[in-house]
Amino acid sequence: MNDDVRNVVLGVLATGVSGSLGWLTRTHLWRRRLRRKQAFFGLPSGSECLLVVNRLAGSERGVHTTDVSALLELSALIKDCGARPRVVQHDTARQGLGEIAEFCIGGPYSNRRMAAHLPNLLPGLTMNVEQEPVEDRGMITVAGESYRPEWGVDEYVVLARVTRGEGARPVFLICGQAAVTNQAAARHLARHHTELAGKYGPDGSFALLLKVVNSQAYGPDVVELVADVTREARTVPVASPAAT
C-alpha cells in the first residue's frame, strides 16, 4: 500500500469514527433532554395523562375553539414525551392527585375541577366567579393584590405546577380569565418548560401570574410575567379574628 492509498484509507476511517462519535453524542444529549422533559411533565414513555377541559358556555359537549388550541399546544408536548393524553370534561373527571400527570384548563367559573384544585393546591389565590359587579368578573387575588381584566387589553392567567399525592405526578393548572389567556399560558409552558425546569427543578412546584397584552390585536402571543406568586399562592391565608 503506497502512501497516497494509506492516507485515503486513514482519512475515511477518521471520518467514520468522527461521524460515529458525533452521532453518539447527539443521541446522548437528545435522550438526556428527553428524560428531563419527561421528569418535568411527569410523563415517562408509554404513560397516560389527563387533559381536563371546561365546556363552552351554553353547550353540553362543546369546548371553546381557543381552548382547543390550548389542547393542541399541550398535546404536542405530551406526544414528544412518548405519552398519551386522555381528554375529559371537567365534570366527569374522577381522578385522584399524583397518580398520573394532569393538565387542567379553564377558570373555576367554568371548570369544576379547577374550582376544587384552587383551594386545595393554591389556597392563597382566588378567582372571583360572581357575575356582579361586572368589573370584578374573573378578578384574581393573591398576596393582597387584585388583578382585574381589561378585556382585550390586559388579561391575566395563572400557570402553576403542583405535586400532591402518593404518586407525586404533577398537576399543571392553567387558570385564565379568558380562553385566549389559557392558550397563551399553554404556549408559554411549551416554549419555556426548559427554563422553568432549570429554575424550579424537575420536581419543583411553582405558580406564575402572567399577563396577556392586547389580545384583540396580538392574540395569545404577547405574554408578560407579572409575578412569581409560588409562596403566596401555596400559603393558607390566616383567618381574620372574629369581631367581638
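The residue numbering used here restarts from 1 in each chain and proceeds along that chain's sequence as written. This being a predicted model, a pLDDT of at least 70 is required before a residue's local features are given, and a value of 80 or more before pairs of side-chain atoms are given or counted; all residues contribute to the totals for chains, interfaces and linings. Note that water and hydrogens are dropped before the side-chain values are worked out from all heavy atoms of the structure.

(A) Geometry of the pattern of salt bridges. Only one rule defines a salt bridge in this text: a Lys or Arg side-chain nitrogen within 4 Å of an Asp or Glu carboxyl oxygen. Counted by the stated rule, this structure contains nine salt bridges. We note a salt bridge from Glu-48 to Arg-86, for which the minimum N-O separation is 3.2 Å. Placement of Glu-48 in strand β1 (residues 48-53) and of Arg-86 in strand β2 (residues 84-89) is noted, with a sequence separation of 38 residues between them. A salt bridge links Glu-224 to Lys-211; the nearest nitrogen and oxygen atoms lie 3.8 Å apart. Of this pair, Glu-224 sits in strand β10 (residues 223-228) while Lys-211 is found in strand β9 (residues 206-213), placing the two residues 13 residues apart along the sequence. Going along the chain from the N terminus, every DSSP run of H or I of four or more residues is numbered as a helix, and every run of E of two or more is numbered as a strand.

(B) Representation of the nonpolar core. Phe-40, Phe-41, Leu-43, Leu-74, Phe-103 and Leu-189 are the most contacted members of the largest nonpolar core, which has 31 residues in total. The set of elements that each furnish at least two residues to this core consists of α1 (3-41), β1, α2 (65-80), β3 (101-105), β7 (154-163), β8 (170-176), α4 (179-200) and β9. Among the elements that line this core, the one with the most residues is α4, at seven residues. Only heavy atoms enter the contact rule, under which two residues are in contact if any of them lie within 4.5 Å. Not counting the four nearest positions on each side in its chain, Leu-43 is found in contact with Gln-38, Cys-49, Ile-78, Cys-81, Ala-83, Ala-101 and Phe-103. Note on terminology: a nonpolar core comprises buried Ala, Val, Leu, Ile, Met, Phe, Trp, Tyr and Cys residues joined through side-chain atoms within 4.5 Å. For the exposure calls, accessible area comes from a 1.4 Å probe over protein chains only, and a residue counts as buried if that area is under 20% of its type's maximum, exposed if over 50%, partly exposed in between.

(C) The arrangement of the sheet that holds β3 in detail. Strand pairing requires that DSSP identify at least two bridges connecting the strands. Read from one edge of the open sheet, seven strands run β2-β1-β3-β8-β7-β9-β10, paired in mixed fashion. The outermost strands of the open sheet, each flanked by one partner alone, are β2 and β10. The sheet shows a mean angle of 20° between the axes of neighbouring strands, taken without regard to direction. Both β7 and β9 contribute to a ladder of eight bridges, which runs antiparallel. The residue bridging Glu-155 from the neighbouring strand is Val-212, located in β9. Fitted lines through C-alpha atoms give the axes, limited to the stretch in contact for helices. The angle between two N-to-C directions lies from 0 to 180 degrees. Sitting on the sheet, helix α3 (residues 112-121) is in contact with β1, β3, β7 and β8, with an inclination near 110° to β8.

(D) Structural detail: the environment of Ala-233. Counting through the fold element by element, Ala-233 comes out in helix α6 (residues 230-234). When its relative accessible area of 0% is taken as the criterion, Ala-233 is described as buried. For the pair Ala-233 and Gly-124, spaced 109 residues apart in sequence, the C-alpha separation works out to 4.1 Å.

(E) Expanded view of α3. Turning to α3, its buried residues number three or more, namely Arg-113, Met-114, His-117, Leu-118 and Leu-121. Down the axis of α3, the buried set is contained in an arc of 135°. They therefore lie on one face. Exposed residues pointing more than 90 degrees away from the buried face of α3 are listed as Arg-112 and Pro-119. Capping the start of α3, Asn-111 holds a side-chain oxygen 3.0 Å from the backbone nitrogen of Arg-113, two or three residues further along. Here the arc refers to the set of directions running from the helix axis out to each C-beta atom. Here a polar contact is recorded for every N or O atom pair within 3.5 Å, except that within protein the pair must consist of a potential hydrogen donor and a potential acceptor, and residues adjacent in sequence are included only if both atoms are side-chain atoms.

(F) Local environment of the packing of aromatic side chains. Centre distance within 6.5 Å is the pairing criterion for rings of Phe, Tyr and Trp, where only the six-membered ring of Trp is used; planes under 30 degrees apart are then read as stacked, over 60 as edge-to-face, and the remainder as tilted. Scanning the entire structure with this criterion turns up eight aromatic pairs. In textbook terms, an aromatic cluster arises when at least three aromatic residues are bridged by ring pairs, as seen for Phe-40, Phe-41, Phe-103, Phe-172, Tyr-200 and Phe-206. By definition, being over a ring means that NZ of Lys or CZ of Arg is both within 6 Å of the ring centre and within 35 degrees of the ring normal. Cation over ring: Arg-161 sits above Phe-40, and NZ or CZ is 5.1 Å from the ring centre.

(G) Region of interest: the sheet that holds strand β6 (residues 145-147). With antiparallel pairing, three strands are arranged side by side in an open sheet as β4-β5-β6. If you trace the sheet from one side to the other, it starts and ends with β4 (125-127) and β6, each paired once. The average angle at which neighbouring strand axes cross in this sheet is 15°, direction not considered. Relative to strand β5 (residues 140-142), β4 runs antiparallel, the two sharing three bridges. The partner of Met-127 across the bridge, within β5, is Ile-140.

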